Amino acid sequence: VQLQASGGGSVQAGGSLRLSCAASGRTLSSYGMGWFRQAPGKEREFVSAITWNGGSRYYADSVKGRFTISRDNAKSTVYLQMNSLKPEDTAVYYCAAEVGPVHTMVVLTTLSEYDYWGQGTQVTVSS
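Residues numbered from 1 in each chain as written. Predicted model: local features only at pLDDT ≥ 70, side-chain atom pairs only at ≥ 80, totals over all residues. Heavy atoms only, no water.

Q: I'm lost on the state of the cysteines in this one. Help?
A: Applying the stated criterion across every chain yields a total of one disulfide. The disulfide bridge from Cys21 ends at Cys95, spanning 2.0 Å between sulfur atoms. With the S-S bond torsion at 60 degrees, the cross-link from Cys21 to Cys95 turns out right-handed. In this pair, Cys21 sits in strand β3 (residues 17-24) while Cys95 sits in strand β9 (residues 91-97), placing the two residues 74 residues apart along the sequence. The residues Cys21 and Cys95 share a single accessibility class, namely buried. (Disulfide = S-S within 2.5 Å. Helix = DSSP H or I, 4+ residues; strand = E, 2+ residues; numbered from the N terminus. Buried < 20%, exposed > 50% of the residue type's maximum accessible area, 1.4 Å probe, protein only.)

Below you can see the structure in the form of structure tokens.
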């Protein structure tokens, strides 16, 4: 499985970006996917996750109300719409996929629960 993240960039505070994560090599339409981020000098942290059919979504408190996760299984792609960006959102953003139980409705929020990772895309928010 390969996950290709894209859409990062540099924006001013209050701006928006839309990250995409395209999966190839194996269909992931039956599995959950998530976004994590890692700022310089910090550990990788959970941002958001979505179940296989989009029926359940979960967000870290720090992004709740500003970020929206979605997926298009026909395109094997998961998205992260980021609005009202803040300087503290600056980080490398990683998408991840889990291949555990098929069609689980449990949203996974920890790194160790994910099996595949993308290469990361840089998001820089200036004040």
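Q: Can you help me understand the nonpolar core in this one?
A: One recurring pattern in soluble globular proteins: nonpolar side chains tend to sit buried together. Counting residues in hydrophobic clusters, the biggest one holds 35 residues, and the most contacted among them are Leu3, Met33, Trp35, Phe67, Leu80, Met82 and Tyr93. Those elements that provide at least two residues to this core are β1 (2-6), β3, β4 (33-38), β5 (45-50), β7 (67-72), β8 (77-82), β9 and β11 (121-126). Sort the elements by how many residues they give to this core and β9 lands first, with five residues. When residues no more than four places from it in sequence are discounted, the contact partners of Leu80 are Leu17, Arg18, Leu19, Trp35, Val47, Ser48, Phe67, Thr68, Ile69 and Tyr93. (Core = buried A, V, L, I, M, F, W, Y, C linked by side-chain atoms within 4.5 Å. Contact = heavy atoms within 4.5 Å.)

Q: Before we go on, may I ask you to explain the side chain of Glu98 in this structure?
A: The residue Glu98 is located in the loop between β9 and β10 (116-117) in this model. Although Glu98 is buried, it forms no salt bridge, and the closest oppositely charged side chain is Arg71 at an N-O distance of 7.1 Å. Looking at Glu98, its side chain comes within polar contact range of the main-chain nitrogen of Gly32, at 2.7 Å. At 2.7 Å, the side chain of Glu98 and the backbone nitrogen of Gly100 are in polar contact. Apart from the residues lying within four places of it in its own chain, the contact partners of Glu98 are Tyr31, Gly32, Thr104, Leu108, Glu113, Tyr114 and Asp115. (Lys, Arg positive; Asp, Glu negative; His and termini not counted. Salt bridge = Lys/Arg side-chain N within 4 Å of Asp/Glu carboxyl O. Polar contact = N/O pair within 3.5 Å; in protein donor to acceptor, adjacent residues only side chain to side chain.)

Q: Whenever I open this one, unusual backbone geometry confuses me. Can you help?
A: Leaving glycine aside, a negative phi is the common case for residues, and trans is the common case for peptide bonds. Of note, Ser76 is a non-glycine position whose phi angle comes to about 50 degrees, a positive value. Ser76 sits in the partly exposed class, given a relative accessible area of 28%. Its identity as a non-glycine residue notwithstanding, His103 has a phi of 60 degrees, on the positive side. Look at His103 and you get partly exposed, because its relative accessible area is 38%.

Q: Teacher, can you tell me more about the packing of aromatic side chains here?
A: Given two aromatic rings, one states the distance between the centres and the angle between the planes to describe the pair. The final tally for this structure, using the stated rule, is five aromatic pairs. Seen from their ring centres, Phe36 and Trp117 are 5.0 Å apart, and the 55 degrees between their planes marks the pair as tilted. Highlighted residues: Phe36 in strand β4 and Trp117 in strand β10, separated in sequence by 81 residues. Look at Phe36 and you get buried, because its relative accessible area is 0%. For the pair Tyr114 and Trp117, a centre-to-centre distance of 6.2 Å together with 65 degrees between the ring planes defines the contact as edge-to-face. Among the aromatic residues, those joined into a ring-pair cluster are Phe36, Phe46, Tyr58, Tyr114 and Trp117. Here the basic side chain of Lys64 rests over the ring of Tyr58, its NZ or CZ set 5.9 Å away from the ring centre. (Phe/Tyr/Trp six-rings, centres within 6.5 Å; stacked < 30°, edge-to-face > 60°. Lys NZ or Arg CZ within 6 Å of the ring centre and 35° of its normal.)

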